[in-house]
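What follows is each chain in one-letter form.
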Amino acid sequence: MKLGQAKWETKKTKKNKEVLKFESKEEYFIKNGGILLEKQIAVSQGKNIEAGQLRILSADEIEKATNNYDPDQIVRSYNGVSFYKGTFDNKVVVIKIPEKPDPNPEHVELFLTDIAIRTVLCHNNMIKTHGCCLETCVPLTVHEFFPTSKPLHDCLHGDMALLKPLSWTSRLRAATDIAYALSYMHNALSQPLVHRDIMSSGILLDSVFHAKLTFCGYSVAITPGNKDQRWPIHGTPGYIDPEYITTQEVTEKCDVYSFGVLMLELLTSRDPSEMARCGNDLVDEFVSMVEKNGVEAMFDTILLEEGNIDEIQGFARLALKCVAEKGEKRPSMIDVVEELWLIQDQVNNRNCKDIGAGQLRILSVDEIEKATNYFDPDLILGNFRGTNMYKAMFDGKVVGIKTSENPDPNPELVDLLLTAAAIGMVLHHNNMIDIYGCCLETRVPMVVYEIYPKIDLYKHLHGNMALRKPLLWTTRIRVAIDVAYALSYMHNALSQPVVHRDVMSFGILLDPSFHAKLAFFDHSVAITSGKRDKKWPVHGTLGYIDPEYIETQEVTEKCDVYSFGVLMLELLTSRDPVEMARCGDDLVDEFVSEVEKNGFKAMIDMILWEEGNMDEILRFARLALKCAAKKGEERPSMISVVEELWVIQDHVNNRTGNEA
C-alpha cells in the first residue's frame, strides 16, 4: 500500500466494528492543512475570541474518546456522517466522523472553511468547535455537545408517531435564534460572511427548542457592491436563492432568501428539499396560494390550534419579504430580527394568562420551604439590597430563590420583586437571567431565578487580585457585546421599549467561559417612546445613573445607553464607578478630563496593553464616550452599539490572524 493511503481493518471488538487505520498520520496532517492551522491557532491563542478552545487533536485521542469508534457512542447519523459522543478536557463533546471516508479535496476545503469561520466567530446561536483531527485521511471535527438536541428537519418532518409536534412559540423561537446568528455573520466582521447553506437539516434544537446553526463550510466573505466576483452555486435545492443561481453573485440577501424559505417551512411543515426533488417549489406554491386567498390551507394545523392568525400572518408576510424575487427588495437580517421580536411581543401579550408560555410558575410557600430546607442559612448564596438568595432545586434544575431579609412587607421591595417577575413573563434572551417562578403566599413575594455559574463582573474587575484571574481584552469585548445584545433586545423586542434603569457590573454574571448575562430587572420600566410628560423617581446605582435622567426624571432608552457607556469605561480602566461616586468623583468626567490632557493611556488597565491594540482600545473608548454623552439625543441606539462592537471584535481577529 502506498504511503499516505488508508485501509480498513476489522478488529476483534465487542461489535466487530470496522475501524479506519492510517499508515502515515504525518502526511495526512500536512495534506489536511495542519501546518497552516497550527500557525493560526498559535498566534490567536490568548488573543482570539475563541482563545484556548480550538485544539488540534491526534488520531489516538479521537480513538480513545470514541472508545475505538464504538457504535454505542453514536448519538446521531445523517447524510453519511456519524456523530460520536466523547469527552475532552472534562467537556462532553460530539465528534463528527464520516461513515465512509473519502479524501476528496473539495471535502477538505469545506472542512478548512468551517474551521476558519469558527476561529473568528463566536455566537450563542452557532455551534462551537473545540478542536479537530488532521491525522486521518479526511479531517475530523470536535464540536460542543448540545444536550438532547435534534435537527429541526427531524422535528418538522420525522415520524409523527415518535414526535411531539413543534408548537407555534417553539417555531417562532427557533426562527429568531437563527435570524440572530445570520445577523451576526453578516455584520460582525468588516467583510460580511454569507452562509450559503441555510436549511432545516443544519439547525439543532435543544430540549426547550433553542436553536443553533451548525456547518459553515460553504460560507464566504464578500465585498459589498463588488459585482465582478462570481461564485459556484452551492446550497441545498429548495432553499437556494434563484437570483444567485442566475447571476452567481453572492450577497447577504442570498441568506435572507434561504431564511425566508425556512420560515415558510416552519409555517407549513412542508419539506423544501423533498419538494425540489419532485420538481416543485415551496415559495412558488405558497405565493400561488396567497394569490388565490387560500394561504391558510397551507399552514400546519398545529399552529392554528395554538397561534393567533394575526401573528401567523405577520410571520408569513415577513417570510414573503425575505423571498422577494429581487435581492434589493429583501430586508436585512437585522430588520428580520426586529420584526420577529415584535411578533414575539404579540405572543407574550396574548399569553399573559399563561405567564410566559409555561416558563413562569406560581409556587406555594410549602414548595419554597421544602426547596430551601426551611430557609436554611447554609443555603444562602449571598445578599443584596435587603434580599437573600437561596440555592434550591425545582423540576430537576438548580435555582436561586430571592427572599426578603426582613419579613415586614416593605411596599417598595414588594414592587421591585413583582416588577422582576413581570419582566420574566414577557422577555427571554440568551444574555438575560431567566426567571422560573414566584411565590405570592408570603408577606413579601419571592422570585425563583436561573442559577448562572461563577461570579459577577464586579468581583472579576475589583475583587481580591490574589483570588481572581485578570480579564483579558478579548474577554472584556465579549462581555460588552453580550450585555449590549440584552439591552438592545429589551429596547426593541416589545412594542413598548423596556428600560433596565440599573445597568452595573454587580448585575452582570459571567460563566466559566466569560459569557455574560444581565440580571436585576427590579427597576425596569416599559415606556412610550417620545412621551415627555411622564416623570419617574430616580432609581439606579450611583456612578452609573444618567445625569440627564437625574435632572429631568424622564426615562428613555438612552438612560441605559449612558449606564452602558460607564460600564464600558469600567471595562477599560478597571476603576469602580460606585466607589468613585462615594468619594465625590465621576468616572466619565475623569476619563474625559484625562483625554483632554492627553493622559488617556494612563487611565487604561495595564493588562489591556499587554494583549490589546491602541486602535482597538481607542475605538472602544470613543464608543464609550458616545454612549456617555451629556445629551441623550447624541447617544447611539443599543443596536448601533452592538454593530460597532462587532467591528472592534473583527479588528482583533484580523490583527491576530494577520500576524501569521
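Up top is the structure these notes are about.
What you see is a predicted model, and the numbers here were worked out from it, not measured in a lab.

Draft legend 1. Here's a closer look at the overall build of the protein. Tallying secondary structure elements over the protein gives 25 helices and 23 strands in all. In the protein, buried positions account for 54% of the 660 residues. Taking the intrachain contacts of the protein between residues at least 6 apart in sequence as the baseline, contacts between residues at least 24 apart amount to 67%. When the accessible surface of the protein is totalled, it reaches about 29,300 Å², and 51% of it is carbon and sulfur.

Draft legend 2. Representation of the sheet that holds strand E4 (residues 74-78) within the structure. Spatial ordering of the open sheet is given by E3-E7-E8-E6-E5-E4, a layout of six strands whose pairing is mixed. Since the sheet does not close on itself, it has two edges, and those belong to strand E3 (55-57) and E4, each with one partner. Across the sheet, the mean angle separating the axes of adjacent strands is 30° when strand polarity is ignored. Pairing geometry for E4 and strand E5 (residues 81-88), over four bridges, is antiparallel. Its bridge partner lying in E5, Arg-76 is registered against Phe-83.

Draft legend 3. Looking closely at the environment of Met-199. Tracing the chain through its elements places Met-199 in the loop between strand E10 (193-194) and strand E11 (203-205). Separated by 74 residues in the primary sequence, Met-199 and Ser-273 place their C-alpha atoms 8.9 Å from one another. When near neighbours in sequence (up to four residues on either side) are disregarded, Met-199 contacts Thr-236, Tyr-239 and Leu-262.

Draft legend 4. Just the packing of aromatic side chains, in detail. Summed over all chains, the structure comprises 13 aromatic pairs. Taking the centre distance of 5.4 Å and the plane angle of 80° together, the rings of Trp-168 and Phe-315 count as edge-to-face. Of this pair, Trp-168 sits in helix H6 (residues 168-187) while Phe-315 sits in helix H12 (residues 309-322), and the two are 147 residues apart along the sequence. Taking relative accessible area as the criterion, Phe-315 reaches 0% and is therefore assigned buried. Here Tyr-458 and Phe-506 contribute two aromatic rings whose centre-to-centre distance is 4.2 Å and whose plane-to-plane angle is 15°, an arrangement assigned as stacked. Here Tyr-458 is found in helix H16 (residues 457-462), whereas its partner Phe-506 is found in the loop between strand E20 (498-499) and strand E21 (508-510), with 48 residues between them in sequence. The exposure class assigned to Phe-506 is partly exposed, which follows from its relative accessible area of 24%.

Here is what the cut-offs are and how they apply
Residues numbered from 1 in each chain as written. Predicted model: local features only at pLDDT ≥ 70, side-chain atom pairs only at ≥ 80, totals over all residues. Heavy atoms only, no water. Helix = DSSP H or I, 4+ residues; strand = E, 2+ residues; numbered from the N terminus. Buried < 20%, exposed > 50% of the residue type's maximum accessible area, 1.4 Å probe, protein only. Contact = heavy atoms within 4.5 Å. Areas by Shrake-Rupley, 256 points an atom, 1.4 Å probe, with all protein chains shown as cover. Pairing = 2+ DSSP bridges. Axes fitted to C-alpha atoms, helices over the stretch in contact; angles between N-to-C directions. Phe/Tyr/Trp six-rings, centres within 6.5 Å; stacked < 30°, edge-to-face > 60°.

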